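Residue strings, one per chain:
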Amino acid sequence: MRFVRAIGLLAFVGTLLAEAVMPHVAHSEQIRLARMPDYGRVYTHIGRSAFDKGQYLRALRVLHEAIKRGAPAEAYKLRACSYYELNRYEKALADLNRYIGMQPQDPSAYVLRGEWRIVKGKYRAALEDFQRARQLGPLPLGGLIGRGIAFLALEQYDKAIVDFSKARSLDPNCADALINLGVACLLSRRYLSAGKAFSKALETTTNSAWREKLRLWMSELEKKPKRNIRPVPRGDER
């Protein structure tokens, strides 16, 4: 019996993967598939595949069906990301909140919500998310940069510099970390450190728009003292 069910499940996956080419399944076949115990889990897998390929509308459709059939919590996170990519922020946030309610110990969800809140200018709420993620474990590269941006927006420059410096320790050539580190140093009158960060970022990034901005900022630094007016803060274990 287990062997027969395993074959049936493999056939089911093959049928779903061909859905883009064969959009209509016979009604009796739909009924059979809907009764399978792993329906929600398999549809979540298909939804993840569609999302990874940038097929966000298809991912939404498949994940909606998965959730109706008892999908794992991951389906809500994937559907949230699909909504976000389609600029449907409120629906994205609602699904991500549902996921966090189901998986409150997943730090990546708080990092993700923090990044979305930064885009919306909700810096204090974003900071709370990054701090919650930090309570659950070390912040990854994206989390350090995100928290640093939140600190930067709230004019807490020393804390921002610490986070961007930590991000650099994880990836010395990370353009995002270098550019934001330079901005934080510039705004806090650490001109020497700002120049070094901008110069390194200019070597690293290939984005023409950012290269133009970096050259502009570096030209402005030529008018500033060639030193740090304030000492550069050292990292801590926040």
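Everything numeric here is computed off the predicted structure, so don't read it as measured data.

Colleague: How should I be thinking about the nonpolar core in this particular structure?
Modeller: Most often, soluble globular proteins keep nonpolar side chains buried together rather than apart. With 63 residues, the main nonpolar core has Leu-96, Trp-116, Leu-152 and Phe-164 as its most contacted residues. In terms of residue count, the dominant contributor to this core is helix H11 (residues 175–187) (7 residues). Sequence-distant contacts of Trp-116, that is, excluding residues within four places in its chain, are made with Ala-80, Cys-81, Tyr-84, Tyr-89, Ala-92, Leu-93 and Leu-96.

Colleague: Sorry if this is basic, but what is going on with helix H4 (residues 56–68) here?
Modeller: Its 13 residues place the ends of H4 18 Å apart at the C-alpha level, agreeing with the 18 Å of an ideal helix rising 1.5 Å per residue. Just beyond H4, the residue with positive phi is Gly-70, at close to 80 degrees.

Colleague: Would you explain the pattern of salt bridges in this entry?
Modeller: Two side chains carrying opposite charge are able to pair once their charged atoms lie near each other. Counting across every chain of the model gives 11 salt bridges. Its salt-bridge partner being Arg-190, residue Asp-158 comes within 2.8 Å of it at the nearest N-O pair. On the criterion of sequence distance, the pair formed by Asp-158 in helix H10 (residues 157–170) and Arg-190 in the loop between H11 and helix H12 (191–204) is long-range, its members being 32 residues apart. One continuous salt-bridge network, built from bridges that share partners, spans Arg-79, Asp-95 and Arg-98.

Criteria and cut-off values
Residues numbered from 1 in each chain as written. Predicted model: local features only at pLDDT ≥ 70, side-chain atom pairs only at ≥ 80, totals over all residues. Heavy atoms only, no water. Core = buried A, V, L, I, M, F, W, Y, C linked by side-chain atoms within 4.5 Å. Buried < 20%, exposed > 50% of the residue type's maximum accessible area, 1.4 Å probe, protein only. Helix = DSSP H or I, 4+ residues; strand = E, 2+ residues; numbered from the N terminus. Contact = heavy atoms within 4.5 Å. Expected span 1.5 Å × (residues − 1). Salt bridge = Lys/Arg side-chain N within 4 Å of Asp/Glu carboxyl O.

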